[in-house]
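A closer look at the structure
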Amino acid sequence: MPYYAQRWQRAQDAMRRDGIDAVVLAPSADLYYMSGYAAKPTERFTGFVLPAAGGPSLVTPAFELARLSTEFQAAVRCRTWAETDDPLRLTAEILRAPGGGGRASGRRHIAAANQMWSEFLLGLQALMPDAKWSPAGLVLTPLRMVKDDTERRLLAEAQVLAEEALRHLIEAGFAGKTERAVAAALVDARRAVGLDPTGSAGIIGSGPNGASPHHMNSDRVIARGDAIVIDFGGGHHGYRADITRTFHVGPATGEFTRVYETVRAANAAAFDAIRPGATCQSIDAAGRTVIERAGYGEYFTHRLGHGIGLDGHEPPYMIAGNTLPLAVDMTFTDEPGVYLPGNFGVRIEDVVTVTAAGAERLTSFPREIMIVD
Ligand code: ZN
Ligand code: ZN
């Protein structure tokens, strides 16, 4: 587990800096990031505890111990609980244990996973009424935002697979099919190229439905003259893809072309603004200004982009108010859009990564208007 031990070390450095005695994680991308254990959250508690010094522990249902490799069990102290035991009591005991570099006595400062069911967090809080609680994102977000070489490679590969799936979808054509049928074909296309569609149904927003950025696919039949917003992701060794392209079925109208070129220019302006040290809000502003100047500002109703990694949406967020400066190897989406109610929507979404010189796109799919069948 040397790959993960480096992350424990970095997390522990941050914990000592912030006076945090222990981090407790539940099944989530955080747990996978810190241990490679891809457990799903269920009503049976699984918890990973990392003290400020010393090795981590995993609280796990006893009958799930067999899922953990001998290598894992050698590096992470596994504490099992039987069906009739109380796993939160066991976890609170571990969190209370002195040593661990934190204060041996006095008020414990525990950082609990941003993604933990409230029944577990409230239970732990009731068992440790004197502890101070913070979100574990304080420790983990700065680590997870900056991708290492392996993570960047997996994100780039995920994006390549998504583009391949999108090409298959376009070849099959859209006219005469329902949004739901296209979405089903998109699930098959992702499976065919080896991208796991779990967790991303895919958005097929045709005609006026494209004006709802998070449209729920319907039985609307796609026809010539429709614009179609297609947005989907997928998993590749835990890392997420995310791409949006907007197509036109048959020849495009002047208005569609005008909006499309505005969104394409906004996507390019945001990309051009990316460099180490630039704030997240300045990237949003760079894209938004282009759309506002074209007179469509009120129809760009969401942030410009979101970080991407083990979670499809994660920090950093490109949004007004976020003064976080970008750093090399942060990876996020560049996805401006314009949504005209009752008419159509346009969104163009790439995944980009910050480099010393500026930025690089992990998405290479053409951004020019594409007329499809
Ligand atoms: Zn996105
Ligand atoms: Zn997307």
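The structure contained in this document is the topic of the report that follows. Being a predicted model, the structure only gives us computed values, none of them experimental. (Residues numbered from 1 in each chain as written. Chains lettered and ligands numbered in written order. Predicted model: local features only at pLDDT ≥ 70, side-chain atom pairs only at ≥ 80, totals over all residues. Heavy atoms only, no water.)

Here we look at the overall build of the protein chain
Check the secondary structure of the protein chain and you find 10 helices and 17 strands. Each of the three principal axes of the protein chain carries a C-alpha extent, and together these read 70 × 40 × 35 Å. In the protein chain, which comprises 373 residues, the proportion classed as buried is 53%. Contacts in the protein chain between residues far apart in sequence, at least 24 positions, make up 65% of those at least 6 positions apart. (Helix = DSSP H or I, 4+ residues; strand = E, 2+ residues; numbered from the N terminus. Buried < 20%, exposed > 50% of the residue type's maximum accessible area, 1.4 Å probe, protein only. Contact = heavy atoms within 4.5 Å.)

Here we look at the coordination of the zinc ion (ligand 2)
Octahedral metal centres with six donors ideally show angles of 90 or 180 degrees, and tetrahedral centres with four donors ideally show 109.5 degrees. Coordination sphere of the zinc ion (ligand 2), protein contribution only: Asp-231 (OD), Asp-231 (OD), Asp-242 (OD) and Glu-349 (OE), at 2.0 to 2.7 Å. Taken together, the 4 donor atoms coordinating the zinc ion (ligand 2) span angles of 53 to 152° at the metal, a pattern that classifies the geometry as irregular. Considered as a linear motif, the donors of the zinc ion (ligand 2) on their single chain read D-x10-D-x106-E. Here the zinc ion (ligand 2) and the zinc ion (ligand 1) are spaced 3.1 Å apart, linked through Asp-242, which binds each one. Of the two residues, Asp-242 sits in strand E9 (residues 239–249) while Glu-349 sits in the loop between strand E14 (344–347) and strand E15 (350–355), which places them 107 residues apart along the sequence. Judged by relative accessible area, which is 8%, Asp-242 ranks as buried. (Donors = N, O, S within 2.8 Å, 3.2 Å for Na, K, Ca; no water. Tetrahedral: all angles 85-135°; square planar, octahedral: opposite > 155°, others 65-115°.)

Focus on the coordination of the zinc ion (ligand 1)
Here the zinc ion (ligand 1) is held by Asp-242 (OD), His-306 (NE2), Glu-335 (OE) and Glu-349 (OE), and the distances to it run 2.0 to 2.2 Å. Coordination at the zinc ion (ligand 1) comes from 4 donor atoms whose angles at the metal span 78 to 153°, giving a geometry best classed as irregular. Sequence positions of the donors to the zinc ion (ligand 1) reduce to the motif D-x63-H-x28-E-x13-E.

Side note on the packing of helix H1 (residues 2–18) against helix H6 (residues 137–145)
The relative placement of two packed helices comes down to the angle between their axes together with the axis-to-axis distance. Direction vectors running N to C along H1 and H6 enclose 135°, while the axes themselves pass 9 Å from each other. With respect to each other, H1 and H6 are oriented oblique. The interaxial crossing formed by H1 with H6 has right-handed handedness. Side by side, H1 and H6 meet where Arg-7, Arg-10, Ala-11, Ala-14, Met-15 and Asp-18 of the first sit next to Leu-138, Val-139 and Leu-143 of the second. Its residues assigned to classes, the contact of H1 with H6 shows 6 nonpolar, no polar and 3 charged. (Axes fitted to C-alpha atoms, helices over the stretch in contact; angles between N-to-C directions. Parallel < 35°, antiparallel > 145°, perpendicular 65-115°, else oblique. Left-handed = near helix turned anticlockwise from the far one by under 90°. Nonpolar A, V, L, I, M, F, W, Y, C, P; charged D, E, K, R; others polar.)

Quick look at the environment of Val-249
Its location among the elements puts Val-249 in strand E9. As a C-alpha pair, Val-249 and Met-370 span 121 residues in sequence and 8.7 Å in three-dimensional space. Once residues within four sequence positions are removed from consideration, Val-249 is found in contact with Phe-174, Ala-175, Ile-222, Ala-223, Arg-224, Gly-225, Asp-226, Ile-228, Val-372 and Asp-373.

A look at the layout of surface pockets
Considered as a void within the structure, the largest pocket measures approximately 1,100 Å³ in volume. Thr-198, Gly-199, Arg-240, Asp-311 and Gly-312 are the residues nearest the centre of the largest pocket, which is lined by 43 residues in total. If you list the elements that add at least two residues to the lining of the largest pocket, you get helix H2 (29–35), strand E8 (227–236), E9 and strand E10 (305–307). Looking at the lining of the largest pocket, the element that brings in the most residues is E8, giving 4 residues. Each residue belonging to the lining of the largest pocket can be placed in one class, and the counts come to 15 nonpolar, 18 polar and 10 charged. (1 Å grid on protein atoms, 1.4 Å probe; cavity = no way out; pocket = protein on both sides within 12 Å on 5 of 7 lines; lining within 4 Å. Points joined across faces, edges and corners; volume = space filled by probe spheres on them.)

Observations regarding the packing of aromatic side chains
Per the counting criterion, the structure on display carries 8 aromatic pairs. Measuring from centroid to centroid gives 5.9 Å for Trp-117 and Phe-120, while their planes differ by 0°, and the two rings are stacked. Classification of Trp-117 as partly exposed rests on a relative accessible area of 37%. Ring geometry for Phe-247 versus Phe-365: centroids 6.5 Å apart, planes at 80°, classification edge-to-face. Note that Phe-247 is positioned in strand E9 and Phe-365 in the loop between strand E16 (358–361) and strand E17 (370–372), a separation of 118 residues in sequence. Judged by relative accessible area, Phe-247 falls into the buried class, the value being 1%. A connected cluster of aromatic rings, assembled from ring pairs, spans Phe-45, Trp-117 and Phe-120. The ring of Phe-300 has Arg-288 lying over it, and the distance from NZ or CZ to the ring centre is 3.9 Å. (Phe/Tyr/Trp six-rings, centres within 6.5 Å; stacked < 30°, edge-to-face > 60°. Lys NZ or Arg CZ within 6 Å of the ring centre and 35° of its normal.)

Points about the pattern of salt bridges
Pairing is possible between side chains of opposite charge, provided their charged atoms come close. Taken as a whole, this structure holds 27 salt bridges when the rule is applied. For the salt bridge of Arg-144 with Asp-311, the shortest nitrogen-to-oxygen distance reads 3.1 Å. Of the two residues, Arg-144 sits in helix H6 while Asp-311 sits in the loop between E10 and strand E11 (314–318), which places them 167 residues apart along the sequence. One exposure class covers both Arg-144 and Asp-311, and it is buried. (Salt bridge = Lys/Arg side-chain N within 4 Å of Asp/Glu carboxyl O.)

Concerning the pairing of E8
The buried count for E8 comes to 10 of 10 residues, which makes it a mostly enclosed element. Here E8 shows a buried face lined by Ala-227, Val-229, Asp-231, Gly-233 and Gly-235 and a second buried face lined by Ile-228, Ile-230, Phe-232, Gly-234 and His-236. When strand E7 (residues 203–206) meets E8, the two strands line up antiparallel, connected through 4 bridges. For Ser-206, the partnering residue across the bridge sits in E8 and is Ile-228. Judged from the 10 bridges that link them, E8 and E9 form a sheet pairing that is antiparallel. Residue Asp-231 lies in a different strand from E9, and its bridge partner there is Thr-244. Between E8 and E9, which follow one another and run antiparallel, lie 2 residues, and His-237 among them has a positive phi close to 50°. (Pairing = 2+ DSSP bridges.)

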